[in-house]
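Chain residues, written in single-letter form:
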Amino acid sequence: MVIKKLRLPKFLDRKLWEASGHWDKYRENMFITEIDEEHANEKRVNALKPMNCPCHVQIYNQGLKSYRDLPLRLAEFGSCHRYEASGTMHGLMRVRGFTQDDGHIFCTEEQIESETGLFIELLSRIYKDLGFEKFDIKLSTRPEIRVGSDEVWDKAEDALESAIKNLGLPYKLEEGGGAFYGPKLDFVLTDAIGREWQCGTFQADFNLPERLDAEYVGEDGSKHRPVMIHRAILGSFERFIGVLNRKLFG
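About the thresholds
- Residues numbered from 1 in each chain as written.
- Predicted model: local features only at pLDDT ≥ 70, side-chain atom pairs only at ≥ 80, totals over all residues.
- Heavy atoms only, no water.
- Buried < 20%, exposed > 50% of the residue type's maximum accessible area, 1.4 Å probe, protein only.
- Helix = DSSP H or I, 4+ residues; strand = E, 2+ residues; numbered from the N terminus.
- Pairing = 2+ DSSP bridges.
- 1 Å grid on protein atoms, 1.4 Å probe; cavity = no way out; pocket = protein on both sides within 12 Å on 5 of 7 lines; lining within 4 Å.
- Points joined across faces, edges and corners; volume = space filled by probe spheres on them.
- Nonpolar A, V, L, I, M, F, W, Y, C, P; charged D, E, K, R; others polar.
- Core = buried A, V, L, I, M, F, W, Y, C linked by side-chain atoms within 4.5 Å.
- Phe/Tyr/Trp six-rings, centres within 6.5 Å; stacked < 30°, edge-to-face > 60°.
- Lys NZ or Arg CZ within 6 Å of the ring centre and 35° of its normal.
- Axes fitted to C-alpha atoms, helices over the stretch in contact; angles between N-to-C directions.
- Parallel < 35°, antiparallel > 145°, perpendicular 65-115°, else oblique.
- Left-handed = near helix turned anticlockwise from the far one by under 90°.
- Contact = heavy atoms within 4.5 Å.

Before going further, it helps to spend a moment on the pairing of strand β6 (residues 97-107). Burial runs high along β6: nine of the eleven residues are buried. In terms of strand pairing, strand β5 (residues 72-81) meets β6 through ten bridges, oriented antiparallel. Bridging across to β6, Leu74 finds its partner in His104.

Take a look at the structure:
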């Protein structure tokens, strides 16, 4: 099942970011606003969304889901805003406002490997059409600052590593380079002057469905947590255009 043309709100209440874990782990990189509501005793604190994933979980949570509905795929060209340090800003390559070809797949643990294969096949085809014949893959594992138990992280890292090994693809291990909620596969392109840029990404998340209470009814009639896969092919449109420009014009 594929749902297209989502358009999320740009401002969201801090309560959602607290529930997802972003407020504690990512607060310094978020743009915060305070809104005086009429007749309210307190100001309402909102944040410009730095990523789309908690909102996609909210959409998934509308209505009861069955194992027959999985994998369920949500996608949008989503705009995000991140308060990057001024010293890290670099043309199109790192900006504070950007657009992603952002997608999230809700699936079972058993479906992770097949979804990994389908994603890499699609990514390879698109990169080839745009003139990139090869790319490097990095498997990034748990960082020091993270949410979730070691047991959950073991499960997520093993699932991704098993999937990439079974596909017979070479990869490099990037210890500590994962997102705070889960490990990831990064797809790295090299520009005309030899610099590496992470563009595509595929992240296995066992934590956010737990934190935001995402469920599905399994074949056994009981409720289970889905795995949430974060995936982007181009990643930041701005960065990808910058890499493509370097490739075409040096």
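The discussion continues.
So, about the layout of surface pockets. Gaps between atoms show up when a probe of the same size as a water molecule is rolled over them. In this model, the largest pocket occupies a volume close to 1,100 Å³. Looking at the largest pocket, it is lined by 42 residues, and the ones nearest its centre are Tyr26, Arg82, Lys184, Gln198 and Gln203. If you list the elements that add at least two residues to the lining of the largest pocket, you get α2 (22-26), β6, β7 (136-140), β9 (184-190), β10 (196-205) and β13 (227-236). Taken together, the residues that form the lining of the largest pocket break down as 16 nonpolar, 13 polar and 13 charged.

The nonpolar side chains of soluble globular proteins are, as a tendency, buried together. Membership of the largest hydrophobic core comes to 28 residues, with the highest contact counts inside it found for Tyr127, Leu185 and Phe187. For this core, the element with the highest residue contribution is helix α4 (residues 112-129), accounting for five residues. Residues Trp17, Met30, Val45 and Leu72 belong to the second largest nonpolar core, which totals 23 residues.

Extensive coverage of helix α3 (residues 53-60) is indicated by the burial of six of its eight residues. Turning to α3, its buried residues are Cys53, Pro54, Cys55, His56, Val57 and Tyr60.

Right, let's get into the packing of aromatic side chains. Per the stated rule, a full pass over the model turns up eleven aromatic pairs. Ring geometry for Tyr60 and Phe106: centres 4.3 Å apart, planes at 20 degrees, overall stacked. Linking Tyr60 in helix α3 with Phe106 in strand β6, this pair joins segments that are 46 residues apart in sequence. Residues Tyr60 and Phe106 agree in their burial class; the two are buried. Members of the aromatic cluster, joined through ring pairs, are Phe119, Tyr127, Phe132, Phe135, Phe187, Phe202 and Phe240. The side chain of Arg27 reaches across the aromatic face of Trp23, ending 5.3 Å from its centre. Positioned above the aromatic ring of Tyr60, the side-chain terminus of Lys65 is 5.1 Å from the ring centre.

Take the packing of α4 against helix α5 (residues 150-166) next. Where α4 contacts α5, the axes come no closer than 9 Å and their chain directions differ by 55 degrees. Put simply, α4 runs oblique to α5. As α4 packs across α5, the resulting crossing turns out to be right-handed. Along the contact surface, α4 presents Ile112, Glu113, Thr116 and Ile120, while α5 presents Ala159, Ala163, Ile164 and Asn166.

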